[in-house]
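Chain residues, written in single-letter form:
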Amino acid sequence: MALKTHNYLMKTFSSRLFFVLAAATAATLLVSCAVQRPVPPGDRKALACTLPGSCVDSLGMGGLTPLKYRDTPAQAQAQLERTLKTFPEAKISHTETLTTQAIFTTPAGFRDQVDFQIDPLAQSIDFRSRSLFGLFDFGKNRSRMEEFVKRFQTVE
């Protein structure tokens, strides 16, 4: 009898533990998929990638450099927005003076967040492109930003 009770308690405990772990994992995934607020203007360090397997930026050693512009910051921001419109998978989610945030949705449904920050003194635009799900992006953020740089230089 004691053995049956012990087995019953172990099964109940195991199923409850599994449920708690599954709920915690789901909550962690949902939080990690959440879109973050745009980076405040002037906070370049906030653009730095923390997970290099699923993120690229123009600040680190990844070989991507900030975008350069010649006109006013307002004209640069307008050029950013025109360039974003050339990507059908992009949707501008937030824009304010000197910052723009866009969400790119891949054909498989994965979402990536791209933040741009205009530096008026350097006449450059820093950026970060990061996956909102997963720890590895198979190079998608890098290839997207390389293509973005090309289009930014030629968009009218």
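About the thresholds
Residues numbered from 1 in each chain as written. Predicted model: local features only at pLDDT ≥ 70, side-chain atom pairs only at ≥ 80, totals over all residues. Heavy atoms only, no water. Buried < 20%, exposed > 50% of the residue type's maximum accessible area, 1.4 Å probe, protein only. Helix = DSSP H or I, 4+ residues; strand = E, 2+ residues; numbered from the N terminus. Pairing = 2+ DSSP bridges. Phe/Tyr/Trp six-rings, centres within 6.5 Å; stacked < 30°, edge-to-face > 60°. Lys NZ or Arg CZ within 6 Å of the ring centre and 35° of its normal. pLDDT = per-residue confidence, 0-100. Contact = heavy atoms within 4.5 Å. Salt bridge = Lys/Arg side-chain N within 4 Å of Asp/Glu carboxyl O. Core = buried A, V, L, I, M, F, W, Y, C linked by side-chain atoms within 4.5 Å.

(A) Just unusual backbone geometry, in detail. Phi at Gln-123 takes a positive value of approximately 50 degrees, unusual for a residue other than glycine. Taking relative accessible area as the criterion, Gln-123 reaches 31% and is therefore assigned partly exposed. Backbone geometry places Phe-138, a non-glycine residue, at a positive phi of 55 degrees. Summarising the element assignment, Phe-138 is placed in the loop between strand S6 (124–131) and helix H3 (140–154).

(B) Seen up close, the pairing of strand S5 (residues 111–119). Within S5, seven of the nine residues are buried, leaving the element largely enclosed by the surrounding structure. In the sheet, strand S4 (residues 99–105) pairs with S5 via seven bridges, with the strands oriented antiparallel. Looking at S5, one finds that Thr-105 is bridged to Arg-111. Linkage of S4 to S5, two consecutive antiparallel strands, is achieved through a turn of five residues, within which Gly-109 is found at a positive phi near 95 degrees. Relative to S6, S5 runs antiparallel, the two sharing eight bridges.

(C) Representation of the packing of aromatic side chains. Within the structure shown, the criterion is met by six aromatic pairs. Seen in terms of ring centroids, Phe-87 and Phe-148 are 5.8 Å apart; in terms of plane orientation they differ by 15 degrees. Their pairing is stacked. In this pair, Phe-87 is assigned in the loop between helix H2 (73–84) and strand S3 (90–96) and Phe-148 in helix H3, connecting sequence segments 61 residues apart. For Phe-87, a relative accessible area of 4% puts it in the buried group. Plain terms: the ring middles of Phe-148 and Phe-152 are 6.4 Å apart, the flat faces sit at 20 degrees to each other, and that makes the pair stacked. Of this pair, Phe-148 and Phe-152 both sit in helix H3, four residues apart, which is roughly one turn of the helix. The residues Phe-148 and Phe-152 share a single accessibility class, namely buried. Ring pairing ties together the aromatic residues Phe-87, Phe-104, Phe-116, Phe-148 and Phe-152, which thus form one cluster. Just above the ring of Phe-87 sits the side chain of Arg-151; from NZ or CZ to the centre is 3.9 Å.

(D) Main features of the confidence of the model for the chain. Put simply, the chain has an average pLDDT of 83, and 72% of its residues get 70 or more. When the elements of the chain are averaged for pLDDT, helix H1 (residues 2–33) gives the smallest value, 53, and H2 the largest, 97. Counted against residues more than four places away or in other chains, residues 19–33, with its pLDDT under 50, gives five contacts.

(E) Structural view of the pattern of salt bridges. Counted according to the given criterion, the structure contains four salt bridges. In this structure, Arg-144 engages Asp-112 in a salt bridge whose closest nitrogen and oxygen atoms are separated by 2.8 Å. With Arg-144 in helix H3 and Asp-112 in strand S5, the pair connects residues that are 32 residues apart, well separated along the chain. Overall, the relative accessible area of 4% leaves Arg-144 in the buried class.

(F) Looking closely at the nonpolar core. The biggest cluster of nonpolar side chains holds 20 residues, and the ones touching the most others in it are Leu-67, Leu-80, Phe-116, Ile-125, Met-145 and Phe-148. Those elements that place two or more of their residues in this core are H2, S4, S5, S6 and H3. Setting aside chain neighbours within four positions, we find Met-145 in contact with Val-56, Leu-64, Val-114, Phe-116, Phe-127 and Ser-129.

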